[in-house]
Each structure stands twice: as C-alpha cells, then as structure tokens.
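Single-letter residue listing:
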Amino acid sequence: MSALPSARVADVFVEFADTLVEEFDLIEFLQMVTTRASELVGSSAAGLLLADPQGVLQFMAASDERAEMLELFQVQAHEGPCQDCFNEGAAVVNADLTTAQDRWPHFAPRAVAAGFASVHAFPLRLRREVIGALNLFGSTVGQMDPEDARTVQALADVATIGLLQERAVRRGEVLTEQLQGALNSRIVIEQAKGALAQIHGCSVDEAFDLLRRYCRDNRLGLSDVARGVVADPQAFPDLTS
Amino acid sequence: MTDGWTSDERADWAREQVAQEPVHADGSLGTAADLGRLCRAATRALHLSGAAVSLMNEGGPAGIVASSDDVWMRIEELAFILGEGPCWDAFESRRPVLVDDVAAADEIRWPGYCRAAVENGVSAVYAFPLKIGLARLGVLDLYRREPGELNDDDRDLVLAFADLVTTVLIDGQEEAGDGSIPSGVDGALGSRFEVYQAQGMVMIQLGIPLSDAMARLRASAYARDRTLGEVARDVVARVLVFEREGEGRMPEKGSGT
C-alpha cells in the first residue's frame, strides 16, 4: 500500500509543470524538486546531484543545507548511492546504512553519524541518458515501499525532462546571441565603410583599409570602432577628419 | 492524415521530408545549403509555391539565408526593400502571421508590400517566426500563387519545419564558433553588403541617423521602381547622390561627390 496521498502527488506534478513554463530559475527548480520529494515520502532530507561535462557528479540543491548534509552530498562525487545509481542508471532503494560500510567506506559512516539509517538514490534519466541522481535519506530502515519508489522515480523523470528542455533552450539562446552578434558586426562594418568612404571621398575598399589601419594602430576591435563611427562619426576625429 | 500526431511525430515527418529532398545540383554544403534543401522540402510536402528563410534583428530583415528557388529569393527581398510585410510582424509578435489572400489583405497594414506581392504573382504569404526560448533568429516565409487558408494540420507541420530551421541555424552557429557565422550564410548576405555600405554613405550625405538613411534608400528604390540593391549599387558607385533637400539626383559623370 502506498503511503502517498494521490491528491498530494498530483499537486506536486502540477507545481512542477507550472515552474517549467514560468520564468525558469534552475537552482530554485532543483530546490523545489528536493523539498517536494522529501515531503512526499516523509524522508528526513533530499538532495540532487547533476553530472558536469566531465561526467563527475556535482551537488546542486538540497532540502536541508546543513554543513554535514552538504558534505554527504559532496562525497558522492566519488562514492555512494548516487554514484552507483548514476553509473548503473538504476535506482538504489532502501539501502541499509548500518551494513554498508564495505560498500561505501567514506559515505556510509558519515551518513550514520548524521543520524540516518537508510538511503535511496533515483536516476535522473531520459531514455538512455542519465544526467544525475535524486538522493533521499531516511531515519528508519525499509521505509520506502515499491509504490512510493515509483512515484519518486516519476518525479525524477519529470524533473529530468524539465532540465533537458531548459538546457536546450539555454544553448539555443546563447548560440542565437552569437549568430546575431556576428551578423550585426558584419553589417555595422559595411555601414562604417560606407560612412568613411563618403567622408573621405574614397572607395569603400579604401575606407576599409583606413578603418583597419586605425584599429590596428590603436589596438581596437574592428566592429567596436565601426559601431562607434556609425553612432557618431565625430567621436573618432582621427579617423573621420 | 496528420491529425492527432504528436509534435515528435511531426518533427520526424519534417526530417523525413528533408531527407527525401535531393541536395542542390551545384552540390553546395553547409548551413545555407541545408536550409535551401529544407525550403524545397517544405514547398513540396506542403503543396506551396515557394519558401525562404530570413535572418532578422530589431532593424528588420538582416539577410536572406536560403530559398526554395531564386525566384523566391527575389520575392523574399520585397519585405527588406519595402521595410514592411508579414515577416516584420511575425518577428515582432513572435507569432505566425497568415495572409490567405494578399490582394484582399488590409492595405493599411502593408500597402506597399501587398501591391508588390500581387505584382509578383504572390497570392498568399505565411510568415512563421524562428525562435527558441526568449531568443529570436528570423522568419520562415511560405508562399502560394493561389489564395488559400493554411489549415490547422498544415500549420502544425510548418511549425515542425520552422523548429527544424532553427535547429539547423543553431547547430551551424555552434560549428562556426563565437565570432563567426554559419557556413554559407556569409554568401547569402553578400548582396546586402552594398545596401549597408550605401546606408552608411547616405547617413553622411544627409547628416541623418542610420535608420533614417535606410528609409531614404527604400523610398528611392520604391519611387524609381528599382530594387534596393540596384539603388545601393548606384550610391556606392556615386552615380546616385542624396542631397539634404529632395529625393536624390543623378550627378553628371565625373562631377565627384
């Protein structure tokens, strides 16, 4: 029998979906994921780790940010349930910390010392790609039943879709800005060539030579000077008189 | 038949249409060539007459990257020449602008554009913004020689093509790297460079802001029934000189500036 009231679960999913369409803040979103996950299953604490581009798990957010908790998440970059979960792409559920000293010699004693009896880790996974893990701690052993585990995995899945979408959008925005920037630089250089050609009564090619020489002599960027010239030709008297 | 498809299915379909489309006879590769192929695929698959992709910024269309055919390159240029048209509105509002019948379209909205489109045998224009997150890249313009509505199914399929155009541009930019522009996009802008040079010259000739200089070039092209490119070439060659009062004059040969 699941311990989770289905109405509460539904509320959490709606809240997630809402956050994904609103103005999105990554850390805020991850913090919400950990807080709601720990509330739902009555866990003492939850944390979330994401893989960096080198594939090393980095702590991102937690429902409880006391120093000993942060240490528990950070040590999992090297060893622990999140590391296992990330490597295997499969959840670690109801791992008994008191008997896990051999499995996780660095992680387990710290977790026990922090007052935990059990630990769970759920992969943040979309199809074949695992991007991190959601970590939950419990004060008793065997507290999470299979139904609850499925609900938490579903929560992790929704969070993953949101994260990947956010990454795609951010990449798109950055690259669009680069494209627009590069394009505008070309355009403004042509405009400046025209303006200088008119001022000096020379050809646009000669104007370009003038512009390039000026930038080289003064160690200035071509598009920066071009932008300045078209904004205010008088701002560069050495170049425009 | 496409009714009830998911967006993933529409994306796969659009990709499949492009894959079926032969590469251009000249064998050119790169982002601009990929987008040309995409325009041809969209034209065929959606029973259109033509398609084109323009990059746009706050100042309007910055350059045509690709079209299904050179005829449509020229028609795509109308919005840039005239400084108005559905693509301006689509880019500005971030929403598709669908003109089912250009001849019947509200003349107050784009009087010059509608007249020019009709003269060029264009009856319907559908402009779809290219965007991702908060960023905007430009517009995918679709054309028909017969008036007609774009039904909801087709509209969803165009959105799949528009997403594909955005993906190709973004991937091309990633490959090009910061400070460069995607391969082939350079060449597509080539014909515009003279317009921008002329814009800089007219700015100085008339002592007016840059944006006003473009408006003067556009007005001159319109008044002379010539393309913006032709007017720009004359300005750069100093065959056409703008003066502080009046539209511009043709100086005698050898009279300089």
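Below is a short write-up of the structure. This one's a predicted model, so the numbers in the text were calculated from it and none came from an experiment. (Residues numbered from 1 in each chain as written. Chains lettered and ligands numbered in written order. Predicted model: local features only at pLDDT ≥ 70, side-chain atom pairs only at ≥ 80, totals over all residues. Heavy atoms only, no water.)

### With respect to the overall build of chain B
Logical step 1: The helix and strand tally for chain B stands at 9 helices and 5 strands.
Logical step 2: Ordered by position in the sequence, the α and β elements of chain B form the string α-α-β-β-α-α-β-α-β-β-α-α-α-α.
Logical step 3: Here the C-alpha radius of gyration of chain B, 19 Å, is about what a compact globule of 257 residues would show, namely 18 Å.
Logical step 4: Viewed in the frame of its principal axes, chain B has a C-alpha envelope of about 65 × 45 × 35 Å.
Logical step 5: Long-range contacts, defined as pairs at least 24 residues apart, comprise 59% of the intrachain contacts of chain B with a sequence gap of at least 6.
Logical step 6: With an accessible surface of roughly 11,500 Å², chain B has 48% of that area assigned to carbon and sulfur atoms.
Logical step 7: Positive and negative side-chain charges in chain B, numbering 25 and 43 respectively, have mean positions lying 6 Å apart. (Helix = DSSP H or I, 4+ residues; strand = E, 2+ residues; numbered from the N terminus. Rg over C-alpha atoms; globule rule 2.2 N^0.38 Å. Contact = heavy atoms within 4.5 Å. Areas by Shrake-Rupley, 256 points an atom, 1.4 Å probe, with all protein chains shown as cover. Lys, Arg positive; Asp, Glu negative; His and termini not counted. Charge placed at Lys NZ, Arg CZ, Asp CG, Glu CD.)

### Observations concerning the sheet that holds strand β5 (residues 129-138) of chain A
Residue and element names in this part refer to chain A.
Logical step 1: The strand order across the open sheet formed by 5 strands is β2-β1-β5-β4-β3, and the pairing between neighbours is antiparallel. In the strand order of this sheet, the two ends are held by β2 (57-62) and β3 (92-96), each with one partner. Taken pair by pair, the neighbouring strands of this sheet meet at an average axis angle of 25°, ignoring direction.
Logical step 2: Across 6 bridges, strand β1 (residues 45-51) lies against β5 in antiparallel orientation. Across the sheet, Ala 46 pairs through a bridge with Leu 136, a residue of β5. (Pairing = 2+ DSSP bridges. Axes fitted to C-alpha atoms, helices over the stretch in contact; angles between N-to-C directions.)

### A word on the layout of surface pockets
Logical step 1: Considering only enclosed or pocket space, the largest pocket measures out at about 1,700 Å³ in volume.
Logical step 2: For the lining of the largest pocket, the secondary-structure elements that each account for two or more residues are α1 (6-21) and α6 (146-200) of chain A together with α1 (7-20), β4 (124-132) and α6 (152-176) of chain B.
Logical step 3: If one sorts the elements of the lining of the largest pocket by residue count, α6(A) sits on top with 11 residues.
Logical step 4: A per-class count over the lining of the largest pocket returns 20 nonpolar, 7 polar and 18 charged.
Logical step 5: Residue lining of the second largest pocket: 18 residues in total, with A:Ile187, A:Gln191, B:Asn57, B:Gly59 and B:Gln199 positioned closest to the centre.
Logical step 6: Going through the elements one at a time, α6 of chain A together with β2 (60-67), α7 (185-206) and α8 (210-224) of chain B are the ones with two or more residues in the lining of the second largest pocket.
Logical step 7: Each residue belonging to the lining of the second largest pocket can be placed in one class, and the counts come to 9 nonpolar, 6 polar and 3 charged. (1 Å grid on protein atoms, 1.4 Å probe; cavity = no way out; pocket = protein on both sides within 12 Å on 5 of 7 lines; lining within 4 Å. Points joined across faces, edges and corners; volume = space filled by probe spheres on them. Nonpolar A, V, L, I, M, F, W, Y, C, P; charged D, E, K, R; others polar.)

### Description of the sheet that holds strand β1 (residues 50-57) of chain B
Logical step 1: Reading across from one edge, β2-β1-β5-β4-β3 (chain B) is the order of the 5 strands in this open sheet, with antiparallel pairing throughout. Because the sheet does not close on itself, it has two edges, and the strands there are β2 and β3 (97-99) of chain B. Averaged over all pairs of adjacent strands, the angle between their axes in this sheet comes to 20°, without regard to strand direction.
Logical step 2: The pairing of β4(B) with strand β5 (residues 135-144) of chain B spans 9 bridges and is antiparallel. By the bridge assignment, B:Leu130 is partnered in β5(B) with B:Gly138.
Logical step 3: Against the sheet, α6(A) makes contact with β1, β2, β4 and β5 of chain B, and its axis sits at roughly 80° relative to β5(B), the strand it touches most.

### A short note on the side chain of A:Gln153
Residues and elements named next belong to chain A.
Logical step 1: Looking at where Gln 153 falls in the secondary structure, it is placed in helix α6.
Logical step 2: The buried category is assigned to Gln 153, whose relative accessible area is 12%.
Logical step 3: Leave out the neighbours within four places in its chain, and Gln 153 touches Ala 91, Phe 122, Pro 123 and Arg 125. (Buried < 20%, exposed > 50% of the residue type's maximum accessible area, 1.4 Å probe, protein only.)

### Regarding the packing of aromatic side chains
Residues and elements named next belong to chain A.
Logical step 1: Per the counting criterion, the structure on display carries 10 aromatic pairs over all chains.
Logical step 2: Geometrically, the ring pair formed by Tyr 214 and Phe 236 is edge-to-face, given 6.0 Å between the ring centres and 85° between the ring planes. Of this pair, Tyr 214 sits in helix α7 (residues 204-217) while Phe 236 sits in the loop between α8 (222-231) and α9 (237-240), placing them 22 residues apart in sequence.
Logical step 3: With a relative accessible area of 14%, Tyr 214 lands in the buried category.
Logical step 4: Members of the aromatic cluster, connected to one another through ring pairs, are Phe 59, Phe 73, Trp 104, Phe 107, Phe 116 and Phe 137. (Phe/Tyr/Trp six-rings, centres within 6.5 Å; stacked < 30°, edge-to-face > 60°.)

### Some words on the pattern of salt bridges
Pairs can form between side chains of opposite charge once their charged atoms are near each other.
Logical step 1: The final tally for this structure, using the stated rule, is 22 salt bridges over all chains.
Logical step 2: Because the salt bridges share partners, they merge into one network encompassing A:Arg8, A:Glu15, A:Arg36 and A:Glu39. (Salt bridge = Lys/Arg side-chain N within 4 Å of Asp/Glu carboxyl O.)

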